[in-house]
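Letter by letter, the chains look like this.
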Amino acid sequence: MTATHRGPGTVGSWTVDLEPFDSPTAAELWRAYYTEVSDRWYQLHEGRATDPAELAREIAATTWTELSPPSGVLLVARYDGEPVGTAGIRLLDTATAELKRVFLRTDMRGKGGGAILIDAAEHAARSLGAARIVLDTRRDLVEARAMYARLGYKESTPHNDEMYAECWYRKEL
């Protein structure tokens, strides 16, 4: 799956492709993702950055094998060929996909890539047979919550009991 788009007000182009969950590209982007969301949480709740050893343990503890066929995918967004973001899809049941690990590097935000990445993730969910997509996030991730609302996601009841989940969303595909 390859999708190529020009985001609003951009000079470069976006592509979104399938990526193995255990590739060096995925590992690099997930390290950036975990660093950002972890640092934001610790700054908000404890006034400090994430301990590097703790971050390494968290990354090592999560393999994300479920973001691989036949019941999941990992997508990587590239801007002018450079990997800058991720989105994962995994089936929870035959009709429900869960959107996981949506991330764009901070220097790439505001260029239309988030919507392009989510659109590709929704297409991937449909190709896996999903009729709906769900996700969870935290309250402090206000940019993500605003984007999901803008893209038609509605707040819903919890579909999981993830430790850091505070808001749940759903969208019919």
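Residues numbered from 1 in each chain as written. Predicted model: local features only at pLDDT ≥ 70, side-chain atom pairs only at ≥ 80, totals over all residues. Heavy atoms only, no water.

Asks: Can you walk me through the nonpolar core in this structure?
Replies: Most often, soluble globular proteins have nonpolar side chains that are buried together. Within the largest apolar cluster, 29 residues are counted, with the highest numbers of intra-cluster contacts made by Trp14, Leu75, Ile89, Leu99, Tyr148 and Tyr153. Within the second largest apolar cluster, 13 residues are counted, among which are Tyr34, Ile59, Trp64 and Leu74. (Core = buried A, V, L, I, M, F, W, Y, C linked by side-chain atoms within 4.5 Å. Buried < 20%, exposed > 50% of the residue type's maximum accessible area, 1.4 Å probe, protein only.)

Asks: Would you mind showing me how to read the pairing of strand S6 (residues 132-137) here?
Replies: Note on strand geometry: in a regular strand, side chains alternate between the two faces of the sheet. In terms of burial, S6 is largely enclosed, as five of its six residues are buried. For strand S5 (residues 96-104) and S6, the ladder comprises three bridges, and the chain directions are parallel. Across the sheet, Ala97 pairs through a bridge with Ile133, a residue of S6. Tracing the backbone out of S5, into helix H3 (residues 113-127) and back to the parallel element S6 gives a crossover that is right-handed. By the bridge criterion, six bridges tie S6 to strand S8 (residues 167-172) in an arrangement that is antiparallel. Note on S8: the bridge partner recorded for Ile133 is Lys171. (Helix = DSSP H or I, 4+ residues; strand = E, 2+ residues; numbered from the N terminus. Pairing = 2+ DSSP bridges. Right-handed = clockwise from strand over helix to strand, strands pointing away.)

Asks: What is the right way to read unusual backbone geometry from this model?
Replies: Excluding glycine, a negative phi dihedral is what most residues carry, and trans is how most peptide bonds are arranged. That bond from Pro69 to Pro70 is cis: its omega, 10°, falls within 30 degrees of zero. As for its position among the elements, Pro70 is in the loop between helix H2 (52-61) and strand S3 (72-79). Although it is not a glycine, Asp80 sits at a positive phi angle of roughly 50°. The topology assignment puts Asp80 in the loop between S3 and strand S4 (82-93). What makes Asp80 exposed here is its relative accessible area of 55%. A positive phi angle is found at Arg101, which is not glycine, with a value near 50°.

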